Amino acid sequence: MSAALPYFLGCPSWSEAAWRATLYPQDTRPTEFLSRYTEVFNAVEGNTTFYARPSEQTVARWAQAMPAHFRFCAKLPRDISHSEDLCQQLDEVTQFRQLLAPLGERVAPYWLQLPASFGPSRLAELAAFIEQWGDWPLAIEVRHPEFFAKGDAERVLNRLLHEGGIERICLDSRALFSCDSQAPAVLHAQAKKPRLPTRPTAFSQSPQLRFIGHPELLANDPFMLPWLDKVAGWIEQGLSPYVFAHTSDNRLAPELARRFHQQLMLRLPGLPELPVLHREQELEQLGLL
């Protein structure tokens, strides 16, 4: 992918065997997934670090596979983000950043995904944590209903983030919840993902969008439409937005991301197409047999 792309686009991860023959060539080995992923997308959510810290050897392999322009949004481990006091986890934060140090500026921004139980009563704690965080780029996702109620709690939160240049991650799950499928993957995603109002924000140079899509790609179009306008506008303002595409089991996440990009190209003439990893050539060869 061209390093000159004016925004960052990706999926929740790169290690999906189900993407063989759609995103990756059929013969792609798991050890090659990351390097092939970076040929198409220039960013990825760091979901893996939320559940477990990688080994130093794993980080070293990531550093070899990720181009300099690539962005890895490493989630702070859940034992940090879901702790009883964020400020008591600052040593763990330092150790986590040291672990990812070989990735350098490719870790940007770090993500702090707070649980739904983290409410207005803990805003002073969040302010203290941010004050001690340092200069590393940071984006925060909140899930408590009061932070979406357009009241004092939301205003205080937004002011805190805006003054700190910290992005408020927007998660849009409307497309997912518009689906009435009884497929296990859809039901599981609907039970797990939050259902909250959208809050488009640009508190920093890099607005963040997590779009949780419908399993039928075309059904996402009406929900993507306002985001296409918003992202195009941010790019025209000189910002560098991040867009991450999810589906219920993420089998179609790359196709959803590609569809978003194709429609964004209509709003931003000159935006390059995303690369295709030799799949068309493989299909042509099959057609000759």
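Residues numbered from 1 in each chain as written. Predicted model: local features only at pLDDT ≥ 70, side-chain atom pairs only at ≥ 80, totals over all residues. Heavy atoms only, no water.

The name that an unreviewed UniProt entry assigns to the protein is DUF72 domain-containing protein, with the source organism given as Ectopseudomonas alcaliphila.

Caption draft 1: A look at the overall build of the protein. Counting secondary structure elements, the protein contains twelve helices and nine strands. A globule of 289 residues ought to have a C-alpha radius of gyration of about 19 Å, and the protein, at 19 Å, matches this closely. The principal-axis extent of the C-alpha atoms belonging to the protein is close to 65 × 40 × 40 Å. Residues classed as buried in the protein amount to 52% of the 289 residues present. Restricting to contacts in the protein with at least 6 residues of sequence separation, those with at least 24 account for 78%. When the accessible area of the protein is evaluated, it comes to approximately 13,500 Å², of which 51% is carbon and sulfur surface. Between the centroid of the 28 positive side chains of the protein and the centroid of its 33 negative side chains there is a distance of 2 Å. (Helix = DSSP H or I, 4+ residues; strand = E, 2+ residues; numbered from the N terminus. Rg over C-alpha atoms; globule rule 2.2 N^0.38 Å. Buried < 20%, exposed > 50% of the residue type's maximum accessible area, 1.4 Å probe, protein only. Contact = heavy atoms within 4.5 Å. Areas by Shrake-Rupley, 256 points an atom, 1.4 Å probe, with all protein chains shown as cover. Lys, Arg positive; Asp, Glu negative; His and termini not counted. Charge placed at Lys NZ, Arg CZ, Asp CG, Glu CD.)

Caption draft 2: Representation of the packing of helix α5 (residues 90-99) against helix α6 (residues 123-133). Here α5 crosses α6 at 40 degrees, and the two axes come no closer than 11 Å. One way to sum up the angle between α5 and α6 is to call them oblique. The hand of the α5/α6 crossing is right-handed. Of α6, the residues touching α5 (which contributes Leu90, Val93 and Arg97) are Phe129, Gln132 and Trp133. When grouped by side-chain class, the residues that make up the contact of α5 with α6 number four nonpolar, one polar and one charged. (Axes fitted to C-alpha atoms, helices over the stretch in contact; angles between N-to-C directions. Parallel < 35°, antiparallel > 145°, perpendicular 65-115°, else oblique. Left-handed = near helix turned anticlockwise from the far one by under 90°. Nonpolar A, V, L, I, M, F, W, Y, C, P; charged D, E, K, R; others polar.)

Caption draft 3: The environment of Asp180, seen in detail. Mapped onto the fold, Asp180 is located in the loop between α8 (174-177) and α9 (184-192). Put simply, Asp180 and His214 are 34 residues apart on the chain and 9.8 Å apart in space, counted from C-alpha to C-alpha.

Caption draft 4: Structural view of the sheet that holds strand β7 (residues 170-172). Ordered in space as β3-β2-β1-β9-β8-β7, the six strands form an open sheet in which the pairing is parallel. Looking at which strands have only one partner, the edges of the open sheet turn out to be β3 (71-74) and β7. Ignoring strand direction, the axes of neighbouring strands in this sheet form an average angle of 25 degrees. Bridging between β7 and strand β8 (residues 208-212) involves three bridges; their strand directions are parallel. Looking at the pairing, Asp172 lines up with Phe211 of β8. Its contacts with the sheet place helix α10 (residues 221-236) against β7, β8 and β9 (242-246), and it is angled at close to 165 degrees to β8. (Pairing = 2+ DSSP bridges.)

Caption draft 5: Here's a closer look at the sheet that holds strand β4 (residues 110-113). Pairing is parallel across the open sheet formed by three strands, whose spatial order is β4-β5-β6. The strands lining the two open edges of the sheet, one partner per strand, are β4 and β6 (167-168). The sheet contact formed by β4 and strand β5 (residues 138-141) spans four bridges and is parallel. Paired with Tyr110 across the bridge in β5 is Leu138.

Caption draft 6: Here's a closer look at unusual backbone geometry. In this structure, Pro109 follows Ala108 across a cis peptide bond, with omega equal to -10 degrees. By the element assignment, Pro109 lies in the loop between α5 and β4. Residue Ala21 is not a glycine yet carries a positive backbone phi of 75 degrees. Mapped onto the secondary structure, Ala21 falls in the loop between β1 (8-11) and α1 (33-37). Residue classification places Ala21 among the partly exposed positions, given a relative accessible area of 23%.

Caption draft 7: Expanded view of helix α11 (residues 253-267). Under the 1.5 Å per step criterion, the end-to-end length of α11 is 22 Å for 15 residues, consistent within 8% with the ideal 21 Å. Within α11 the residues assigned to the buried category are Ala253, Pro254, Leu256, Ala257, Arg258, Phe260, His261, Gln263 and Leu264. Looking at the buried side of α11, the elements it contacts are β1, β8, α10 and β9. (Expected span 1.5 Å × (residues − 1).)

Caption draft 8: Examining the nonpolar core more closely. Tyr7, Trp14, Tyr37, Leu126, Ile140 and Leu264 are the most contacted members of the largest nonpolar core, which totals 75 residues. Looking at which element gives the most residues to this core, the answer is α10, with seven residues. If you look at the next biggest cluster of nonpolar residues, it comprises nine residues, including Ala108, Ala139, Tyr242 and Phe244. (Core = buried A, V, L, I, M, F, W, Y, C linked by side-chain atoms within 4.5 Å.)

Caption draft 9: Expanded view of the pattern of salt bridges. Applying the stated criterion across every chain yields a total of 14 salt bridges. For the salt bridge of Arg36 with Glu39, the shortest nitrogen-to-oxygen distance reads 2.9 Å. With a shortest N-O distance of 2.8 Å, Asp229 and Arg267 are connected by a salt bridge. With Asp229 in helix α10 and Arg267 in helix α11, the pair connects residues that are 38 residues apart, well separated along the chain. Residue classification places Arg267 among the partly exposed residues on the basis of a relative accessible area of 27%. Within this structure, Glu45, Glu141, Arg143 and Arg210 form a network of salt bridges that share partners. (Salt bridge = Lys/Arg side-chain N within 4 Å of Asp/Glu carboxyl O.)

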